[in-house]
Amino acid sequence: MGAQIKRKIETREPIQWAIDFLEEMICFQSEENIEPQLWEQLLKEKKRELLEDFFTLTPSIALFHQGLGYSEGLDGGRILAMRILMDILPPYRALGCNQGKPAVGIVHRLKIFQEAIVYLKSLHLTDEGDRTLWKNSFFSAVKMLLRNNYSPYLFHRGGRPVFIVAPPYREKTAACYLLNPHVIVLYSLPEKNIAKRIYLVLHEIGHLIFGKYMAGKPLPETLLALFNSLDPRDFPELIRPSSQGLAEIFANLFALAIMRGTKEGNELFYKQYNKMRDALLLLRKAFHPDSIFQITAIEASLEHLTYSPRINPGVLRQK
């Protein structure tokens, strides 16, 4: 049963609502010059209300497929806005607890709020004409992941399932993975090609995997062998060391590996697959789950058990 909400849940356009909320909190702190502890407590109370709204709304505005959350249209925008706000607001505690010095100073908190506003203001509302294209691409991408022995439950972070949202907003990029809110955003595109959209979904999942399992750690030997076997001059769109970071190259090759053997993969990468020749075996080995995740079966099962398709507070527990 959902939480009992006495307040009216916001139904305004979600991105502008989130911007207004953050600007109101910033203005309140600067104009009223309130004590830091009181401002922090206000933010915690807002976090509590937001959590209640999220737990109540999510079952009706998102679907869960193979352990991944998906939402589209303005509902997807609402999930995006709420996950961003839940990430940057201070952890909620029961009133009377943790009343000491704020864990994050006001200057730093204000900086975080301003950075979120900059991102939110980069999103431009457009029509919702491509939501069916994104949904079909999402289901196809998940099917490919399962075919390659990737359990989507391994994409959880801190017990939280990743949300993939397709809101009606344009941005300078086609898609992105927001690390801390743990959300993949699929922006509105003029591109109608399903194969390209599947690639974008898998590319962002590649960023998620790299950030969770590989960032700051030595690369697996299979991946190093693959990198050494590929000449960047033969794959200018996939490997450009001078302009791409390692995470971007990994995400490109991850999507390439997962799409191999599908008609959509051949549609996009037939020439690249032909150029790889003997390296195709390395590609398959390098992006096998055993090589990438490097975790035990027990750890994998524990990640699986944290998931609940109905959403509960444990899903959003603090890191």
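Since the model is a prediction, treat every value here as computed from it, not as a measurement.

A.B. asks: Would you mind going over the sheet that holds strand E2 (residues 68-72) in detail, with residue names and values included?
C.D. replies: Adjacent strands of a sheet pair through backbone hydrogen bonds, lying either parallel or antiparallel. The strand order across the open sheet built from five strands is E1-E2-E4-E7-E6, with neighbouring strands paired in mixed fashion. The open sheet is flanked by strand E1 (63-65) and strand E6 (175-178), the only strands paired with a single partner. When the angles between neighbouring strand axes are averaged without regard to direction, this sheet yields 25°. Helix-sheet contacts for helix H5 (residues 131-147) involve E1, E2, strand E4 (163-166) and strand E7 (183-186), and the interaxial angle to E2 is about 170°.

A.B. asks: Outline the environment of Arg131, supporting the account with residue identities and numerical values.
C.D. replies: Tracing the backbone through its elements, the reader meets Arg131 in helix H5. According to the relative accessible area criterion, Arg131 is partly exposed, its value standing at 30%. Here the alpha-carbon distance between Arg131 and Tyr187, two residues 56 residues apart in the chain, equals 9.7 Å. Not counting residues within four places of it along the chain, the set of residues in contact with Arg131 comprises Tyr70, Glu72, Gly73 and Leu74.

A.B. asks: Explain the environment of Thr126 residue by residue, including any values.
C.D. replies: Along the chain, the position of Thr126 falls in the loop between strand E3 (124-125) and H5. Look at Thr126 and you get partly exposed, because its relative accessible area is 23%. Residues Thr126 and Arg170, spaced 44 residues apart in sequence, show a C-alpha to C-alpha distance of 6.7 Å.

A.B. asks: Which residues make up the pairing of E2, and what values do they have?
C.D. replies: Across the five residues of E2, five count as buried, placing the element largely inside the fold. Burial along E2 is two-sided: the face carrying Leu68, Tyr70 and Glu72 and the face carrying Gly69 and Ser71 are both buried. Alignment of E1 against E2, held across three bridges, turns out to be antiparallel. By the bridge assignment for E2, His65 is matched with Leu68. The antiparallel hairpin formed by E1 and E2 contains two residues in its connecting segment, where Gln66 sits at a positive phi of about 55°.

A.B. asks: Quick one: what's the story with the packing of helix H6 (residues 194-214) against helix H9 (residues 263-276), residue by residue and with numbers?
C.D. replies: Packing of H6 against H9 leaves a shortest axis separation of 9 Å and a crossing angle of 95°. Here H9 runs roughly perpendicular to H6, going by the angle between their axes. Two secondary-structure elements touch here, H6 through Ala195, Lys196, Ile198 and Tyr199 and H9 through Glu264, Glu267, Leu268 and Phe269. Taken together, the residues of the contact of H6 with H9 break down into five nonpolar, no polar and three charged.

A.B. asks: Give a detailed account of a positive patch on the surface, specifying residues and quantitative values.
C.D. replies: A cluster of like positive charges, contributed by Arg147, Arg260, Arg284 and Lys285, occupies part of the molecular surface. Looking at where Lys285 falls in the secondary structure, it is placed in helix H10 (residues 279-286). Overall, the relative accessible area of 46% leaves Lys285 in the partly exposed class.

A.B. asks: Lay out helix H8 (residues 246-259) with the relevant residues and their values.
C.D. replies: Spanning 14 residues, H8 covers 20 Å between terminal C-alpha atoms, matching the ideal 20 Å at 1.5 Å per step. Here H8 lies mainly inside the structure; 11 of its 14 residues are buried. All of the buried residues along H8 are Ile249, Phe250, Ala251, Asn252, Leu253, Phe254, Ala255, Leu256, Ala257, Ile258 and Met259. Backbone geometry just after H8 places Gly261 at a positive phi near 90°.

A.B. asks: For unusual backbone geometry, give the residues involved together with the corresponding values.
C.D. replies: Leave glycine aside and you will find that most residues have negative phi; peptide bonds, for their part, are mostly trans. Phi at Gln66 is positive, roughly 55°, even though this residue is not glycine. Note that Gln66 resides in the loop between E1 and E2. For Gln66, a relative accessible area of 36% puts it in the partly exposed group. Of note in this structure, His182 is not a glycine but carries a positive phi near 55°. Within the secondary structure layout, His182 lies in the loop between E6 and E7.

A.B. asks: Give me the lowdown on the packing of helix H2 (residues 36-61) against helix H4 (residues 106-121), citing residues and values where you can.
C.D. replies: Contact pair H2 / H4: the axes reach a minimum separation of 11 Å and the direction vectors enclose 35°. The way H2 lies across H4 gives a crossing that is left-handed. Here Pro36, Trp39, Glu40 and Leu43 of H2 come into contact with H4, specifically with Ile106, Arg109, Leu110 and Phe113. In terms of residue class, the contact of H2 with H4 is made up of six nonpolar, no polar and two charged.

A.B. asks: Give a detailed account of the environment of Pro161, specifying residues and quantitative values.
C.D. replies: Residue placement: Pro161 occurs in the loop between H5 and E4. The exposure class assigned to Pro161 is buried, which follows from its relative accessible area of 0%. Between the alpha carbons of Pro161 and Leu68 there is a distance of 5.9 Å; along the sequence they are 93 residues apart.

A.B. asks: For the nonpolar core, give the residues involved together with the corresponding values.
C.D. replies: The biggest cluster of nonpolar side chains holds 57 residues, and the ones touching the most others in it are Tyr150, Phe155, Ile209, Leu253 and Phe287. Considering each element in turn, this core owes the most residues, 11 residues, to H6. Setting aside residues up to four positions removed in sequence, Tyr150 forms contacts with Leu145, Phe155, Ile209, Phe254, Ile258, Phe287, His288, Pro289, Ile292 and Phe293. With 41 residues, the next largest nonpolar core counts Trp17, Ala18, Leu51 and Cys176 among its residues.

What counts as what
- Residues numbered from 1 in each chain as written.
- Predicted model: local features only at pLDDT ≥ 70, side-chain atom pairs only at ≥ 80, totals over all residues.
- Heavy atoms only, no water.
- Pairing = 2+ DSSP bridges.
- Helix = DSSP H or I, 4+ residues; strand = E, 2+ residues; numbered from the N terminus.
- Axes fitted to C-alpha atoms, helices over the stretch in contact; angles between N-to-C directions.
- Contact = heavy atoms within 4.5 Å.
- Buried < 20%, exposed > 50% of the residue type's maximum accessible area, 1.4 Å probe, protein only.
- Parallel < 35°, antiparallel > 145°, perpendicular 65-115°, else oblique.
- Nonpolar A, V, L, I, M, F, W, Y, C, P; charged D, E, K, R; others polar.
- Patch = residues over 30% accessible without salt bridge, like charges linked within 9 Å, V, L, I, M, F, W, Y side chains within 5 Å.
- Areas by Shrake-Rupley, 256 points an atom, 1.4 Å probe, with all protein chains shown as cover.
- Salt bridge = Lys/Arg side-chain N within 4 Å of Asp/Glu carboxyl O.
- Lys, Arg positive; Asp, Glu negative; His and termini not counted.
- Charge placed at Lys NZ, Arg CZ, Asp CG, Glu CD.
- Expected span 1.5 Å × (residues − 1).
- Left-handed = near helix turned anticlockwise from the far one by under 90°.
- Core = buried A, V, L, I, M, F, W, Y, C linked by side-chain atoms within 4.5 Å.

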